[in-house]
Amino acid sequence: MRIAVIGGGSSYTPELIKGLLDISGDVQIDEVIFYDINEEKQKIVVDFVRRLVKDRFRVLIAESFKDAVMDAKYVIFQFRPGGLKGREKDEGIPLKYGLIGQETTGVGGFSAALRAFPVVEEYVETVRKVSNATIINFTNPSGHITEFVRNYLDYEKFIGLCNVPINFIREISEMFSVNLEDVFLKYYGLNHLSFVERVFVKGQDVTEKVFENLKLKLSNIPDEDFPEWFYDSVRLLVNPYLRYYLMEKKMFKKITSHELRSREVMKIEEQLFEKYRTATEIPEELSKRGGSMYSTAAAHLIRDLEKDEGKIHIVNTRNNGSIENLPNDYVLEIPCYVRSGRALSISQGKGDLFALSFIHAVKMYERLTIEAYLKRSKKLALKALLSHPLGPDVEDAKDLLEEILKANSEHVKLV
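Conventions adopted
Residues numbered from 1 in each chain as written. Predicted model: local features only at pLDDT ≥ 70, side-chain atom pairs only at ≥ 80, totals over all residues. Heavy atoms only, no water. Helix = DSSP H or I, 4+ residues; strand = E, 2+ residues; numbered from the N terminus. Buried < 20%, exposed > 50% of the residue type's maximum accessible area, 1.4 Å probe, protein only. Contact = heavy atoms within 4.5 Å. Polar contact = N/O pair within 3.5 Å; in protein donor to acceptor, adjacent residues only side chain to side chain. Salt bridge = Lys/Arg side-chain N within 4 Å of Asp/Glu carboxyl O. 1 Å grid on protein atoms, 1.4 Å probe; cavity = no way out; pocket = protein on both sides within 12 Å on 5 of 7 lines; lining within 4 Å. Points joined across faces, edges and corners; volume = space filled by probe spheres on them. Nonpolar A, V, L, I, M, F, W, Y, C, P; charged D, E, K, R; others polar.

(A) Just the environment of Thr104, in detail. Structurally, Thr104 is set in the loop between α4 (83-95) and α5 (106-130). Given a relative accessible area of 13%, Thr104 falls into the buried group. A sequence separation of 39 residues divides Thr104 from Gly143, and the C-alpha atoms of the two residues are 9.4 Å apart. Apart from the residues lying within four places of it in its own chain, the contact partners of Thr104 are Gly109, Asn140, Pro141, His192 and Tyr241. A polar side-chain atom of Thr104 sits 2.8 Å from a polar atom in the side chain of His192.

Here it is, written out as structure tokens:
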């Protein structure tokens, strides 16, 4: 089979290839073809990838997006519209208004989404015409983009993926000394806004043991982000990104006291690309880039889609009854059986009202942002910003929007 990687010049690409090498004994990979608008970075990465792969499968570079996805069975989106310079603006502009600057949550995610939508729209329509491939999306904001594609572009074979769920599962598997496949989580929410309500190991409910273990850990780490009383009250394990919603003042102070993460990443990438020119193994510096277990999540998903054995993965797709008290068309991050190129949601009963309060609010923001893009409407964009829990107040909303639109004028225009 052919796998197309869009954003082939990403510093993450070698880790992705390591994952594909790991599964190449289980499924037949004939060729992996790369496409990136940054040809210089892509050449450095692909030359390194060829040294890693040797002759296990063919490694190709496409001259166009269409050439890359033609006849592909799987297409991986890992591109970043606007690059790290775009991320720098996403993080920096909100800080002027006393708002958290983060690349996926809040205002940072708003501007990242507006840049991504036109590119994603064009790419998805091309895939629909030339290959009807299953698209696995890592491009941020991943859940918001999956909402856009599944509910507005109506492309069913699109699966959003994040490394947070597999890291949750890994932590539980290590806690109980079992395999990843032995762990099942009652897990639901949005990408970077998710909750774990119950934990099962080999079919046994071990939720209380997990909370006891967490209490022990918290007593040894007094400055842990969430205090013990928080878990006693909400009785949910929460995605680390919930810090931005539940500890907004603390996180704003932390962000403003450090260099922007985008600038740190730029420095790390400089070192990585220098090493990629001659490396024969993945450099240690890649671990500083973030994205732990990214390659495992992507490669195992492809393996299990291909083998069609109904394995369970936590992905971003339509609810379709997974959480009874949420609408079926909400794109959620939930456990699914993966079969025949699709993710089929697993029924989990009702969701906790505390969790649902955040899910509803941010889902409405996502949909308003998509409507603003589709209608090219500043008025709808203002409604989206004002509706977000981490968005601006009325006094700043118009000025903030104008600054965001000016900074991203080559990507999207609203009137």
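(B) Highlighting the pattern of salt bridges. With the rule as written, the count across this model stands at 33 salt bridges. With a shortest N-O distance of 3.1 Å, Lys267 and Glu259 are connected by a salt bridge. With relative accessibility at 35%, the residue Glu259 sits in the partly exposed group. Glu285 is the salt-bridge partner of Lys275, the closest N and O atoms lying 3.0 Å from each other. Taken as a pair, Lys275 in helix α12 (residues 261-276) and Glu285 in the loop between α12 and α13 (294-307) lie far apart in primary sequence, ten residues in all. A residue is classified by how much of its surface remains accessible, and Lys275, at 39% relative accessible area, is partly exposed. A single salt-bridge network, built from bridges that share partners, covers Glu147, Asp329, Lys363, Glu366 and Arg367.

(C) Quick peek at empty space enclosed by the protein. If you walk through the whole model with that rule in mind, you get one cavity of 30 Å³ or more. Estimated volume of the largest cavity: approximately 140 Å³. Among the residues forming the lining of the largest cavity, the class breakdown is six nonpolar, nine polar and one charged.

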